[in-house]
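These are the residues of each chain, in order.
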Amino acid sequence: DAKTTQPPSMDCAEGRAANLPCNHSTISGNEYVYWYRQIHSQGPQYIIHGLKNNETNEMASLIITEDRKSSTLILPHATLRDTAVYYCIVRVFDYGGSQGNLIFGKGTKLSVKP
Amino acid sequence: GAGVSQTPSNKVTEKGKYVELRCDPISGHTALYWYRQSLGQGPEFLIYFQGTGAADDSGLPNDRFFAVRPEGSVSTLKIQRTERGDSAVYLCASSLNSQGYTEAFFGQGTRLTVV
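Residues numbered from 1 in each chain as written. Chains lettered and ligands numbered in written order. Predicted model: local features only at pLDDT ≥ 70, side-chain atom pairs only at ≥ 80, totals over all residues. Heavy atoms only, no water.

**Student:** Just checking my understanding: could you explain the overall build of chain B for this structure?
**Tutor:** The number of helices and strands found in chain B is 0 helices and 11 strands. When the helices and strands of chain B are listed from N to C terminus, the series reads β-β-β-β-β-β-β-β-β-β-β. A globule of 115 residues ought to have a C-alpha radius of gyration of about 13 Å, and chain B, at 14 Å, matches this closely. In terms of principal-axis extent, the alpha carbons of chain B reach across some 45 × 25 × 25 Å. When burial is assessed residue by residue, chain B has 47% of its 115 residues classed as buried. Long-range pairs, those at least 24 residues apart, make up 53% of the contacts in chain B between residues at least 6 apart in sequence. (Helix = DSSP H or I, 4+ residues; strand = E, 2+ residues; numbered from the N terminus. Rg over C-alpha atoms; globule rule 2.2 N^0.38 Å. Buried < 20%, exposed > 50% of the residue type's maximum accessible area, 1.4 Å probe, protein only. Contact = heavy atoms within 4.5 Å.)

**Student:** Whenever I open this one, the overall build of chain A confuses me. Can you help?
**Tutor:** The secondary structure content of chain A amounts to 0 helices and 9 strands. Start at the N end of chain A and walk to the C end: the helices and strands fall as β-β-β-β-β-β-β-β-β. The C-alpha radius of gyration computed for chain A amounts to 14 Å, which stays within 12% of the reference 13 Å derived for 114 residues, consistent with globular compactness. When burial is assessed residue by residue, chain A has 46% of its 114 residues classed as buried. A sequence separation of at least 24 residues applies to 59% of the contacts in chain A between residues at least 6 apart.

**Student:** Can you walk me through the nonpolar core in this structure?
**Tutor:** Nonpolar side chains tend to gather and get buried jointly when the protein is soluble and globular. In terms of nonpolar packing, the biggest core is built from 21 residues, with Leu20(A), Trp35(A), Leu73(A), Leu75(A), Tyr86(A) and Leu110(A) touching the most fellow members. Broken down by element, this core gets its largest block of residues, 4 residues, from strand E8 (residues 84-92) of chain A. Ranked by size, the runner-up nonpolar core spans 20 residues in total, among them Val4(B), Leu21(B), Ala67(B) and Leu77(B). (Core = buried A, V, L, I, M, F, W, Y, C linked by side-chain atoms within 4.5 Å.)

**Student:** What am I meant to see in the sheet that holds strand E6 (residues 61-64) of chain A here?
**Tutor:** Each strand in a sheet pairs with its neighbour through backbone hydrogen bonds, running either in the same direction (parallel) or in the opposite one (antiparallel). Residue and element names in this part refer to chain A. Spatially, 4 strands are ordered E2-E7-E6-E5 in an open sheet, and the strand pairing comes out antiparallel. Sheet topology places strand E2 (18-23) and strand E5 (55-56) at the edges, where each strand pairs with a single neighbour. Of the pairings in the sheet, the one linking E6 to strand E7 (residues 70-75) comprises 4 bridges and is antiparallel in character. Note that in E7 the partner of Leu62 across the bridge is Leu73. (Pairing = 2+ DSSP bridges.)

**Student:** Please explain the side chain of Thr108(A) as it appears in this structure.
**Tutor:** All names here are of chain A. Structurally, Thr108 is set in strand E9 (residues 108-113). Looking at Thr108, its side chain comes within polar contact range of the side chain of Gln6, at 3.5 Å. Beyond its immediate sequence surroundings of up to four residues, Thr108 is in contact with Gln6, Pro7, Pro8, Ser9, Met10, Leu20, Ala84, Val85 and Tyr86. (Polar contact = N/O pair within 3.5 Å; in protein donor to acceptor, adjacent residues only side chain to side chain.)

**Student:** What am I meant to see in unusual backbone geometry here?
**Tutor:** Leaving glycine aside, a negative phi is the common case for residues, and trans is the common case for peptide bonds. A cis amide bond, omega -10°, links Thr7(B) with the succeeding residue Pro8(B). For Pro8(B), the position within the fold is in the loop between strand E1 (5-7) and strand E2 (10-13). A positive phi angle is found at Ser41(A), which is not glycine, with a value near 70°. Counting through the fold element by element, Ser41(A) comes out in the loop between strand E3 (31-38) and strand E4 (45-50). Look at Ser41(A) and you get exposed, because its relative accessible area is 53%. At Arg68(A), a residue that is not glycine, the phi angle is positive and equals roughly 65°. As for its position among the elements, Arg68(A) is in the loop between E6 and E7.

**Student:** Help me understand the pattern of salt bridges, please; the structure alone is not making it clear to me.
**Tutor:** Pairing between side chains of opposite charge can happen when the charged atoms of each approach one another. All names here are of chain B. By the definition in use, this model includes 6 salt bridges over all chains. One salt bridge connects Asp24 with Arg22, and the closest N-O pair in it is separated by 2.7 Å. The partner of Glu44 in a salt bridge is Arg36, with the nearest N and O atoms 3.0 Å apart. The partly exposed category is assigned to Glu44, whose relative accessible area is 37%. Classification of Arg36 by relative accessible area gives buried; the value is 14%. Each of Arg64, Glu83 and Asp86 takes part in salt bridges that share partners, so that together they form one network. (Salt bridge = Lys/Arg side-chain N within 4 Å of Asp/Glu carboxyl O.)

See below:
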């Protein structure tokens, strides 16, 4: 089972920031938070990941609470093309090179409206 | 550049038939994953390869499902005696295995319909 809880759906106005929450209250110390999104009829696409510090890249920002039990993905200026299902995933990161699989939940369906 | 390629993009088969789904990962990626996705659900993990060996096959639903990756590159997911419940989109992903995290790149999937 997925270790994360996300709202099933959210709306956002085009040009505004989209803030997608995720609860992962049972996260372990060696688990990272990953975000992927899936645009209709496409495979999932990696967005960002983090451990405990806030992260930012060209797509989004990830804010992780100090206790690491929840996080928020921020799309600073949502466009219509950001309409997708967004998945929050926790996953063990193994320095030995063995990578665990990604366990997807149902995600949040974000609808960006004009 | 070339991404993860899955063939065929669509496959319709009759109940009871055998099917093979192919995945060409990104060149040099040693980790390869298979997922299946039913309508309205998130991708469901099936199996994960590290090189030629299956590192985790705990997601395969039963012994009708089998996957191989004989040379550590192309992988084939094989389904025997297909059932209507096997209808789904089958997704493949690959990632570069090295020290440090690397993202998984997904293909467009194969839509399997069992009639």
